[in-house]
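Spelled out, the chains give:
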Amino acid sequence: MHLSIFAKIFKMRREGKTRRDFSEKPNPKAKSSFRNRQNEKKTVDDGKMRLNKFIANAGICSRREADKFIEAGVVTVNGVGVTEMGLRVSKTDEIKFNGQRLKSDPPRYVLLNKPKNYSGRVDSASSTTSVMQLIKQACKERVYPVDKLNKTETGLLLFTNDTDLAKKLGASKKNIKEIYQITLDKNLSQLHLENIREGIFMNGRTINIDSISYINGKDKNEIGIENSNGGIKLVKQLFEKINYKIIKLDRVFLGGLTKKDLPRKHYRHLTQDEINILKRL
């Protein structure tokens, strides 16, 4: 997708506007004729989808945001400006956003067991290898990670082109169970372990995690944590608050997904049951 499209989207969002001047202005007088042509079609409706879903599947934005762009008049279907909600389109229709044709891809869901020393950046300009290199053969569609594991962090990383699901799983206030195995720069004292269990006051509120424990048979700096609120960022902040530094982090569980039969550096596609579970979270 051309960067110019995204640049204009972000500009619209910052300015809180829904109507802008674009290089290709749809013809409002043609809306009724387009509707008539649609009604005159005698083909069955199989395979059609709502226009906002088509735009979301193309990776532009979420369905809700797509409705705003449709209303703003920046979307055309077969050369005709469309501002009505609920229009259904097929893959053979020519849909353009700001004058550039969109292609709606089928949703893909790829789970990677990320190794160390791979950058979490999608477009890494450094010499560090990006995680995108590890899943480039997974599918022809362009998929993106729903959140980020940095260069030193390992474990489960989900990629998708399903913008609605990605937005939900990547939200800072998500309520999705994750389990991490972490290594600290020093042994975690029993007192601090109990403090974390009871809740740590931070950023004006008490932070509680689901559970924390030492890992059996390991040193006291090897910790297992289960958390359903705030993700990795919150866990890091919590330990920084009590003067510990995480030197290793491995995500072993993500919203029902595990690393079972998935070696480091390998990926697999989610099953339909797994996809359904994530969508119900």
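Residues numbered from 1 in each chain as written. Predicted model: local features only at pLDDT ≥ 70, side-chain atom pairs only at ≥ 80, totals over all residues. Heavy atoms only, no water.

Student: So what exactly am I meant to see when it comes to the overall build of the protein chain here?
Tutor: Across its full length, the protein chain carries eight helices and 19 strands. Within the protein chain, buried positions represent 44% of all 281 residues. (Helix = DSSP H or I, 4+ residues; strand = E, 2+ residues; numbered from the N terminus. Buried < 20%, exposed > 50% of the residue type's maximum accessible area, 1.4 Å probe, protein only.)

Student: Quick question: what am I supposed to make of the nonpolar core here?
Tutor: Buried together is how nonpolar side chains tend to be arranged in soluble globular proteins. Ranked by size, the top nonpolar core spans 36 residues in total, and within it F159, I182, L188, I212, I225 and F239 carry the most contacts. The element best represented in this core is helix α7 (residues 231–241), accounting for five residues. Among residues more than four places away in sequence, those in contact with F159 are R108, Y109, V110, L112, V131, M132, I135, V143, Y144 and P145. Judged by nonpolar contacts, the second largest core, of 20 residues, contains I55, A58, A66 and I95. (Core = buried A, V, L, I, M, F, W, Y, C linked by side-chain atoms within 4.5 Å. Contact = heavy atoms within 4.5 Å.)

Student: What am I meant to see in the confidence of the model for the protein chain here?
Tutor: Low pLDDT marks regions whose predicted coordinates should not be analysed in detail. Mean pLDDT over the protein chain works out to 83, with 80% of the residues at or above the 70 mark. Here residues 18–24 is a poorly scored stretch, pLDDT under 50, and it has 15 contacts once near neighbours within four places are set aside; other chains count. (pLDDT = per-residue confidence, 0-100.)

Student: How should I be thinking about unusual backbone geometry in this particular structure?
Tutor: What you tend to see is this: most non-glycine residues have negative phi, and most peptide bonds are trans. Residues other than glycine seldom take positive phi values, yet N117 does so here, at roughly 70 degrees. Structurally, N117 can be placed in the loop between β7 (109–114) and β8 (118–119). In this model, D261 sits at a positive phi of 60 degrees, which is unusual for a non-glycine residue. Relative to the helices and strands, D261 is located in the loop between β18 (257–258) and β19 (267–269). For D261, a relative accessible area of 71% corresponds to the exposed category.

Student: Help me understand empty space enclosed by the protein in this model?
Tutor: Any space left empty among the atoms is revealed by the rolling of a water-sized probe across them. Inspection of every chain in the model, using the stated rule, returns one cavity of 30 Å³ or more. Its boundaries defined by the atoms lining it, the largest cavity holds a volume of some 30 Å³. Taken together, V146, D147, L169, K174, I176, E178, R251 and L254 make up the full set of residues lining the largest cavity. Its residues assigned to classes, the lining of the largest cavity comprises four nonpolar, no polar and four charged. (1 Å grid on protein atoms, 1.4 Å probe; cavity = no way out; pocket = protein on both sides within 12 Å on 5 of 7 lines; lining within 4 Å. Points joined across faces, edges and corners; volume = space filled by probe spheres on them. Nonpolar A, V, L, I, M, F, W, Y, C, P; charged D, E, K, R; others polar.)

Student: How should the layout of surface pockets be read in this particular structure?
Tutor: Considered as a void within the structure, the second largest pocket measures approximately 460 Å³ in volume. Lining the second largest pocket are 25 residues, and of these G230, G231, I232, K233 and L234 sit closest to its centre. Going through the elements one at a time, β14 (205–207) and α7 are the ones with two or more residues in the lining of the second largest pocket. The element contributing the most residues to the lining of the second largest pocket is α7, with six residues. For the lining of the second largest pocket, the per-class residue count stands at seven nonpolar, eight polar and 10 charged.

Student: Could you clarify how one ought to interpret the sheet that holds strand β6 (residues 100–101) in this entry?
Tutor: Within a beta sheet, neighbouring strands are joined by backbone hydrogen bonds and run either parallel or antiparallel to one another. The sheet built from four strands is open, its strands ordered β3-β2-β5-β6 with antiparallel pairing. Looking at strand neighbours, the two that pair on one side only are β3 (80–81) and β6, the edges of this open sheet. With two bridges joining them, strand β5 (residues 95–97) and β6 adopt antiparallel strand pairing. Considered in β6, the bridge of K96 is made with R101. (Pairing = 2+ DSSP bridges.)

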